[in-house]
Amino acid sequence: MKTIHPLLAAALALTIVGCDDQMAGVAPERAFLDGTTDDPEIGIVVHSLERSFRMFQLGSPTTSRVVALGASSAVTPVGLSSRGKLAAVPLGNAASVAIIDVQGERIDRFFLFAGGNATGSAFVDDEMVVAANLEDDLVGLFAVDQASDEITQTVAVAPAPTAVAAVNGTAFVLSGNLDDSFAPLGDGVVTAIDPATMQALGTVETGGTNPTAMAAGPDGRLYVLNTENFVDPGSLAIIDPAGPTLVDVIAGMGVGPGHIAIDDAGLAYISGFFFGTIVWDTKTQSFVRGPDHSVCARLASGECRGAFGTATSANGDLYQLFFGSPSEDLPPWIFVYSAGTFALVDSIATGQGPAAMEIRTFE
Amino acid sequence: MAGAHVVVIDGAIHATVAPDGRFVVRGLLPGGHELRVSAAGYVPRTVAVEAVNGRTTSVAIELALASFRLDDVEITAVADVAADAVVLSAEEIRASGARDLGGILRDVPGVTVTRSGGPGTPATASIRGSNPDQVLVLLDGVSLNSPLTGTADLSTVPLEGVERIVVLRGGQSVRYGAGALAGVVALESRRARGAELSARTGAGSWGERLAAITAGSTVGGGRVSRVSGLVSAEWRATEGDFAYAVPPVRGGGTASRTNADASTLAVTGNAAVERPAFDLSARVEAVDIERGMPGSIVQASPTGRQVQGRVAGIVTSAVRTGAVGWRVALDGQHQRAEFRDPSPPLGFAYDDTTRVDGVGGSVSAETAVGGVQVEAGIEARRFGVRSSSLAPDAPDAQHTEGAWSAAQLSLPLGSAATIHVAPGVRVDRHSLASGTFVSPRLSLALATSRFTARVAAGNAFSPPSLADQFFQEGVLVEPNPGLEPERVRGEIEGSVEVRQRLGAADVDWRIGAFRSHVDGMIVWLPDFRFVWRPENFDVRRRGWEAAVDARLPVAGLRVRSEVSHALVEYAGAALSGQVAYRPALTAGGRVSAAAGPVTAEFGARYVGERRTVPGSALNALEAYWMADARAGWHVGLGGWTAEVFVAAENLFDTDAAMLVDYPFPGRRWSVELRLRPFAANPIW
């Protein structure tokens, strides 16, 4: 019978002990969604031209994951909403909504309208998503685990719905109220919808034309941007979801404002192609950075790069999307401004046509 | 008499006389038969034989020398030796079985044909990664490119009656002016050579049908005047509906393409009077097309319809006076195109009509001066364009004028080699672009009987089209009146050709490379609103092509293969990488064999990955291989010769598309029958 030589046995024992020591000293590898050790936040960007869903770690912006949304030129995403480990991306002219498993870094399912153009969306709870259909003037409801891929629960709303927000279990749908040539039929309309019954609970006009963006503030109110005609300055409508009722309309929001995001401190970041980002305090109802002093990354000529959207990190830093301009040979960027001072501190390369952004943690 | 052709007329059995003068025909039914024996230069003879069951019948046949006068031998310079041309003969066109010009160009190295679906759907050509409107398609010297879009739709160019196709890769503005930035596809129509009659009919998958007839005659010949006339007519139709894979964004699975039918009717007639030192010819053609425009499979349109009509004519005269040869050509055309879609998938109904009336003319002269062949010419063309799809401020006419001059000098280098030097320059003005465009080019070639090396350098240009500048669709499209013309400055290309005899095989090798950067290439891009708009972009264009053509006449075998690599990359900061829908790598190969009355061919084409997004490699379309096969059988039917072809396209049912959401059909079958009388003297 063969035996192990004592010296060999001792060497093996030392090796095993050494391994144990090493293993005890190694921290488990962090999952991508955990972010970096210094910053657990993840930025999510939807690129409308590249047709992609891109996630990056705020603590290490070059560490990223990308989900391709489809080669079809009908895939024209401009919106994004997320909840838990899922994200909803309406795919525009593809008339469908992609549900993305952010942990699996893949598209989980597609939910289909019969036709039209899928624009905004919002999770009303962990399972239910409300999505707007701009072309067919309706909103649809689906459960992310429903058997059918078809969006069959729908309700008609005012023409050209573009954005959806969920407040306390009620879905609010913003309609531009535009005709087939995208000319205003009248002031914009917000429709409150009970997702449980898919019945309209009420409507309110936005006090301006061609509204394109909406966000819920920490005060529970809805803030709606009336983009107007891209010549005259737009306005900001403040809506009380109860009712709903129009509380106020604030003028002077720059020419052609197209996106609004509101942070936990109540600062509203209003972005537009012609001016960058305006900062307006919902608490004091005053400009922190008005149209004449907007937050923007300037070109060598001194002109502002426009902004397509913003998101804020937990420490208040402002992340701003620059869509890019191939005709001017300007690539797309995510510009980073420090909280409070709005000094430009960083720029992050991103895909073609960044159009929507969120920053959040997945802990 | 080796090579003489023997046909048992009623049994459709063929044989070829062996070098020892013998032939064997087996398997005849007992009874009387007629053998027809023919050979070049001899009077055909028909003899009766009696076949007896189980026995061999011997028959001796003697052919008498034919006393006939040969026609004038016409030698046409397809392209000078310094030009790098691919020439497709009438035989090759016929053997390809191609339905239209796009069907045969797809096998030319460096040419990529983009078709938006099955048979009859629009198709365009790109040379070395160019835009389609940078490729000039000419029929007898007259452009088939649309004055509206600048692009030639290859699906509207039938091949019945085409004698030859010459493909010139690389900038050719030095001779052809505007639009020849990336290359030229020149078609030459066929003239009658004696009495001829042929007919074709066919059918295939998805309701495809074909009927074509060509008839021609020649009077006179030899040293006196010859008058010839030829008429061709071709009709094709297809239902076009086929199953396709639904993309995941619309739920996956399969569905059926609808509103994809197409029908084409083309009639061409030409007449020519040929005398020594004088040639006068006239050609008229009429093409009528009606087809569904089904849109993409994600945004399908069940109601979009297109109707196109083109009537064109050209009169050409060539006269030699002393040492100078003159050529004068006048042409005219009328085009009508209607597109209607009462309920498109997006936006408003379409109801567009475009009418084009064009006239053009050219005068050129050539002579030899001290061993140098010199040519010069002027050319002018004017189009009236009325289109409801153009903005009201669009010009209702466009015109271009050009003057060119070229020379070719051949210098012997020892006893076995010749150096050819071919400088040229052309000056153009075009109403859609400001300024004067000068397009010089210098070609050098070193040629021996087995080897040719070429190098060329030059400039080329292409103006923006009316559609680029003034297209006014209501939905998701915006023109750009501020576009600049596309320019190629300092294009350089070179190639080496080697012709070898390897055993019993003739093998031709060719490898070439090019660098042809384009300043201001016009590319349509979506903006933040998904509105598509053309912009000028500088692109870096370079690549190489290689091809081999091996023929083994003894076995009737031919093997061809080619591979092309074309990088077309954005040069600016905003966008990088390959321009969308330009496959960097394409390749193909064909094997054909002939044994007695049977021919067979197998071919495969590879199209590399294509980007679908400007400046991003995401969402690229996968590379694909697609194969086809074709077999033919040559039989005698009474006094007629018949050829039957059976073809399978997309043999392995590959799921592929050149353009996203415009899938190719799956495997499809077709059968074609060609007939001509024995006595006819056809090109085919």
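In every chain, residue numbers begin from 1 and rise along the written sequence. The naming scheme follows written order: chains are lettered A onward, ligands numbered 1 onward. Only residues with pLDDT of 70 or above have their local features reported here, since the model is predicted, and side-chain atom pairs are shown and tallied only from 80 upward, although totals for entire chains, interfaces and linings are computed over all residues. Based on all heavy atoms of the structure, the side-chain values leave hydrogens and waters out of the count.

**Points about the overall build of chain A**
Along the backbone of chain A there are one helix and 28 strands. The C-alpha extent of chain A, read off along each of the three principal axes, is 95 × 55 × 40 Å. Buried, partly exposed and exposed residues are distinguished by accessible area as a fraction of the type maximum, computed with a 1.4 Å probe on protein chains only: under 20%, between the cut-offs, and over 50%, respectively. Within chain A, buried positions represent 57% of all 363 residues. Contact between two residues is taken to exist if any of their heavy atoms lie within 4.5 Å; hydrogens are not considered. Partitioning the intrachain contacts of chain A with sequence separation of at least 6 by distance along the chain shows that 41% fall at a separation of at least 24. Strands here mean DSSP runs of E at least two residues long; helices mean DSSP runs of H or I at least four residues long; both are numbered from the N terminus.

**Quick look at the sheet that holds strand β26 (residues 333-337) of chain A**
Residues and elements named next belong to chain A. Pairing is antiparallel in the open sheet, where four strands are placed in the order β24-β25-β26-β27. Taken across any chain shown, the strands that pair with only one partner, and hence form the sheet edges, are β24 (309-312) and β27 (344-349). Taking each pair of neighbouring strands and ignoring which way they run, the sheet shows an average axis angle of 25 degrees. Pairing of strand β25 (residues 318-322) with β26, which is carried by five bridges, proceeds in the antiparallel orientation. Bridged to Gln320 within β26 is Phe335. Strand pairing is assigned whenever DSSP identifies at least 2 bridges connecting the two strands. Simply put, an axis is a line fit to the C-alpha atoms, just over the touching stretch for a helix, and the angle between two N-to-C directions goes from 0 to 180 degrees.

**Points about the interface of chain B and chain A**
The interface is formed by 32 residues belonging to chain B together with 41 residues belonging to chain A. Two parts placed together each lose some accessible area under a 1.4 Å probe, and adding up what both lose gives the buried area. Summed over both partners, the interface of chain B with chain A buries about 2700 Å², with 64% contributed by carbon and sulfur atoms. In what follows, salt bridge is the name for a side-chain nitrogen of Lys or Arg lying within 4 Å of a carboxyl oxygen of Asp or Glu. Across the chain B-chain A interface, the total number found is zero salt bridges. Polar contact criterion, stated in full: a pair of N or O atoms within 3.5 Å, where within protein one must be able to donate a hydrogen and the other to accept it, and residues adjacent in sequence count only if both atoms are side-chain atoms. In this structure, the connection of chain B to chain A is made through 13 residue pairs in polar contact (both at pLDDT 80 or more). Of all the secondary-structure elements, those providing two or more residues to the side of chain B that touches chain A are β29 (518-526) and β30 (532-552) of chain B. Classifying every residue of the side of chain B that touches chain A gives 20 nonpolar, eight polar and four charged. In the scheme used here, Gly and all other residues not listed as nonpolar or charged are polar, with Ala, Val, Leu, Ile, Met, Phe, Trp, Tyr, Cys and Pro taken as nonpolar and Asp, Glu, Lys and Arg as charged.

**Quick look at the pattern of salt bridges**
This structure, assessed with the given rule, holds 65 salt bridges over all chains. Close ionic contact of Arg106 of chain A with Asp101 of chain A constitutes a salt bridge, the shortest N to O distance being 3.9 Å. Glu493 of chain B is paired through a salt bridge with Arg441 of chain B; the nearest N and O atoms lie 2.3 Å apart. Pair noted here: Glu493 of chain B is in strand β27 (residues 486-502) and Arg441 of chain B is in strand β25 (residues 433-447), with a separation of 52 residues, a long-range link. An identical accessibility class is assigned to Glu493 of chain B and Arg441 of chain B; each is buried. Look at the salt bridges and you will find they share partners, linking Arg99, Glu160, Arg200, Glu208, Glu234, Arg236, Glu649, Arg668, Glu672 and Arg674 of chain B into a network.

**Structural notes on the sheet that holds strand β8 (residues 118-123) of chain A**
Residue and element names in this part refer to chain A. In spatial order, the strands read β8-β9-β10-β11; together these four strands make up an open sheet with antiparallel pairing. The sheet terminates laterally at β8 and β11 (153-156), the two strands that pair on one side only. When strand polarity is set aside, the average angle formed by the axes of neighbouring strands in this sheet is 20 degrees. For strand β9 (residues 128-133) and strand β10 (residues 138-143), the ladder comprises six bridges, and the chain directions are antiparallel. Across the sheet, the residue bridging to Met128 is Ala143, located in β10.

**Quick notes on the state of the cysteines**
Here a disulfide denotes a covalent bond joining the sulfur atom of one cysteine to the sulfur atom of another. All names here are of chain A. The criterion for a disulfide is a pair of cysteine sulfur atoms lying within 2.5 Å. On inspection of all chains with the given rule, the structure shows one disulfide over all chains. At a sulfur-sulfur separation of 1.8 Å, the disulfide partner of Cys296 is Cys304. Here the disulfide of Cys296 and Cys304 is left-handed, its torsion about the S-S bond being about -60 degrees. On the basis of relative accessibility, which here comes to 11%, the residue Cys296 falls in the buried class.

**Let's talk about the environment of Ala504 of chain B**
Residue and element names in this part refer to chain B. Along the polypeptide, Ala504 turns up in the loop between β27 and β28 (505-515). Looking at Ala504, the relative accessible area reads 35%, which means it is partly exposed. Counting along the chain gives 499 residues from Ala504 to His5, while the straight-line C-alpha distance between them is 23 Å. When neighbours within four sequence positions are excluded, Ala504 is seen to be in contact with Arg551, Leu552 and Pro553.

**What about the pairing of strand β19 (residues 245-250) of chain A?**
Where strand β18 (residues 235-240) of chain A meets β19 of chain A, five bridges bridge the pair, whose relative direction is antiparallel. In the strand pairing of β19 of chain A, Ala237 of chain A is matched with Val249 of chain A.

**Regarding the packing of aromatic side chains**
Only centres within 6.5 Å qualify two rings of Phe, Tyr or Trp (six-membered ring in Trp) as a pair; their planes then separate them into stacked at under 30 degrees, edge-to-face at over 60, and tilted for everything else. Under the counting rule described, the total for this entry stands at 16 aromatic pairs over all chains. Seen from their ring centres, Tyr606 of chain B and Trp625 of chain B are 5.2 Å apart, and the 50 degrees between their planes marks the pair as tilted. Linking Tyr606 of chain B in strand β33 (residues 598-607) with Trp625 of chain B in strand β34 (residues 624-637), this pair joins segments that are 19 residues apart in sequence. Within the aromatic cluster, the residues linked to one another by ring pairs are Phe273, Phe308 and Phe323 of chain A together with Phe528 of chain B. Its guanidinium or amino end placed over the ring of Trp404 of chain B, Arg175 of chain B lies 3.8 Å from that ring's centre, counting from NZ or CZ. We call a charge positioned above a ring when the Lys NZ or Arg CZ atom is no farther than 6 Å from the ring centre and deviates by at most 35 degrees from the ring normal. Between Arg529 of chain B and the ring centre of Phe528 of chain B, over which it is positioned, the NZ or CZ distance is 5.4 Å.

**Quick notes on the nonpolar core**
All names here are of chain B. Residues grouped as a nonpolar core are buried Ala, Val, Leu, Ile, Met, Phe, Trp, Tyr and Cys residues, joined through side-chain atoms within 4.5 Å. In terms of nonpolar packing, the biggest core is built from 41 residues, with Leu101, Leu105, Ile165 and Leu187 touching the most fellow members. When residues of this core are assigned to their parent elements, the largest contribution, four residues, is made by β29. Contacts of Ile165, omitting those with residues within four sequence positions, involve Val86, Val87, Leu88, Ile93, Leu101, Ile104, Leu105, Leu159, Val185, Ala186 and Leu187.

**Regarding the environment of Asp232 of chain A**
All names here are of chain A. Within the secondary structure layout, Asp232 lies in the loop between β17 (222-226) and β18. Here Asp232 falls in the partly exposed class, since its relative accessible area comes to 43%. For the pair Asp232 and Gly256, spaced 24 residues apart in sequence, the C-alpha separation works out to 7.7 Å. Among all residues touching Asp232, those that are not within four sequence positions of it are Thr227, Val255 and Gly256.

**Focus on the side chain of Arg99 of chain B**
Looking at the element boundaries, Arg99 of chain B is found in the loop between α1 (90-96) and α2 (101-105). Residue classification places Arg99 of chain B among the buried residues on the basis of a relative accessible area of 16%.

**With respect to the side chain of Thr277 of chain A**
Residue and element names in this part refer to chain A. Along the polypeptide, Thr277 turns up in strand β22 (residues 276-281). For Thr277, the side chain forms a polar contact with the side chain of Ser271, separated by 3.0 Å. In this structure the side chain of Thr277 is engaged in a polar contact, spanning 2.9 Å, whose partner is the side chain of Gln320. For Thr277, the contacting residues outside a window of four places in its chain are Tyr269, Ile270, Ser271, Ser294, Val295, Ala307, Thr310, Leu318 and Gln320.

**Describing the confidence of the model for chain B**
Residues and elements named next belong to chain B. Values of pLDDT, the confidence the predictor places in each residue, fall between 0 and 100. Looking at chain B as a whole, the pLDDT averages 90, with 91% of positions reaching at least 70. Every residue in residues 680-684 scores below 50 in pLDDT, and together they form 21 contacts with partners more than four places removed in sequence or on other chains. Of the two predicted TM-score estimates for the complex, the pTM is 0.87 and the ipTM is 0.87.

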